[in-house]
Amino acid sequence: MALTVMLLNGASFHGGCFRHKVLLSLLGPLLSNSKLYSSYRRPGAEPEKKPSLQNADFSFKKGIDHLKTQLSLLKKETRDYLLGPGGHPLSQHLLEQTKVLWQFRSQEDLNKWVISSDVEIGGKSEVYLKLGRNNQAALLYGTLNTEVPRDGETKYSGYCSMRSRPAVGSFNRKKYYDWSNFNSLYLRVRGDGRPWMVNIYTDPYFSHLKDDLYSYFMFTRGGPYWEEIKIPFSKFFLSSQGRVQDNQHPVWLDKTLGFTIGDKVDGPFQLEIDFIGLLNDRAHREEFAYETYDKNTPV
């Protein structure tokens, strides 16, 4: 499919060419990001913007340049894979105790994250993301508003979140993080005293698991001082659609990360994040903090 898109992007067509219209009509539905389920739109949500192939710029030169870029990325990924985990020798990987995943020093670092709020469901909360003082941290700020939209469906409102973009490899392949050598999340933050939820998102194969989320609390103390927070991965619990699940199991450490505020307190908030990293705490030996059991115990 990626090769087909690349060939179409590289082909040169004329605007009124009949062949162009035929290809668009035949391959358009296959190449578009159309969904197989209902196109129901929740009240208050903005309509989905679908790109039109009629306005696409088909350029052979751009297609060749894009192919060269993807091949160079594939070459680098292959070289790193042959070298060892994460592009490092195996001996170095096994002895590694700390690793910085995200550090916020430029606009490019901020572009690796996306922000959202209850505006998506008709709420009135506001959230913004920018570089902090002297470009030394990310500043997540805004206003929380718990007023429920009057759509007759929504019962709760008032949340803002920040989420990392999924890692993408060559030819737009999904990449997964390898955090198996670490057992704790390590952050340096400065908050305003409000509690946050640190979330690890899933990327399931089955649609009924799309709302699964692994979460744990992060309490900021406020004030002018930075604080370093360590959260063991064994503390993360599984929830779905805001409800903690009875069937708990350890988190899979290959997903995207996010922060959410939803403490039901109206007013402004802010959170400064210096870096987000991983820690291999040799003193932490807990495998999982919660009880695991079978739902249907055999008799």
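Scroll up a little and you will see the structure.
Along each chain, the written sequence defines residue order, and numbers are assigned to residues from 1. Local features are withheld for residues below a pLDDT of 70 in this predicted model, meaning they are given only at 70 or higher, and side-chain atom pairs are given and counted only at 80 or more; totals for whole chains, interfaces and linings count all residues. Hydrogens and water are ignored here; the side-chain numbers use all heavy atoms of the structure.

### Some remarks on unusual backbone geometry
We note that N134 has phi near 60 degrees; this positive angle belongs to a residue other than glycine. Elements are defined by DSSP. Helices are runs of H or I of four residues or more, strands are runs of E of two residues or more, and each kind is numbered from the N terminus. Looking at the element boundaries, N134 is found in the loop between β3 (126-131) and β4 (138-144). Here Q241, not a glycine, exhibits a phi torsion of approximately 55 degrees, which is positive.

### Quick word on the sheet that holds strand β5 (residues 160-164)
Strand-to-strand pairing in sheets goes through backbone hydrogen bonds, with the strands running parallel or antiparallel. Reading across from one edge, β2-β5-β12-β7-β8-β10-β11 is the order of the seven strands in this open sheet, with antiparallel pairing throughout. Strands at the two margins of the open sheet, each flanked by one partner only, are β2 (113-117) and β11 (243-244). At least two DSSP bridges between two strands are needed for those strands to be called paired. Summarising the sheet, strand β7 (residues 195-201) and strand β12 (residues 257-261) pair through four bridges and their orientation is antiparallel. Considered in β12, the bridge of V198 is made with F259.

### Some details on the packing of aromatic side chains
Two aromatic rings, drawn from Phe, Tyr or Trp (for Trp, its six-membered ring), form a pair once their centres lie within 6.5 Å of each other, and the interplanar angle then sorts them: stacked below 30 degrees, edge-to-face above 60, tilted otherwise. Under the definition given, this model contains 14 aromatic pairs. For the pair W102 and W113, a centre-to-centre distance of 5.0 Å together with 65 degrees between the ring planes defines the contact as edge-to-face. Residue W102 is found in strand β1 (residues 98-103), and its partner W113 is found in strand β2; the two are separated by eleven residues along the sequence. With respect to class, W102 is no different from W113; both count as buried. Each residue's exposure class comes from its accessible area (1.4 Å probe, protein chains only) as a fraction of the maximum for that residue type: buried when under 20%, exposed when over 50%, partly exposed otherwise.

### Looking at the pattern of salt bridges
A carboxyl oxygen of Asp or Glu within 4 Å of a side-chain nitrogen of Lys or Arg is what we treat as a salt bridge. Taken as a whole and assessed by the stated rule, the structure comprises ten salt bridges. Among the salt bridges present, the one from D263 reaches R194, with a minimum N-O distance of 2.7 Å. Taken together, the positions of D263 in the loop between β12 and β13 (267-279) and R194 in the loop between β6 (184-191) and β7 put the pair 69 residues apart, joining distant regions of the chain. For K230, the salt bridge identified is with D281, shortest N-O distance 2.6 Å.

### What about the nonpolar core?
To define a nonpolar core, start from buried Ala, Val, Leu, Ile, Met, Phe, Trp, Tyr and Cys residues and group those joined through side-chain atoms within 4.5 Å. Membership of the largest hydrophobic core comes to 35 residues, with the highest contact counts inside it found for F104, L185, L257, F259 and I276. When residues in this core are grouped by element, the largest group, five residues, is from β13. Any two residues whose heavy atoms approach within 4.5 Å at even a single point are treated as in contact. Setting aside its immediate chain neighbours within four residues, I276 contacts V100, L101, W102, F104, W113, L185, Y186, L187, L257 and F259.

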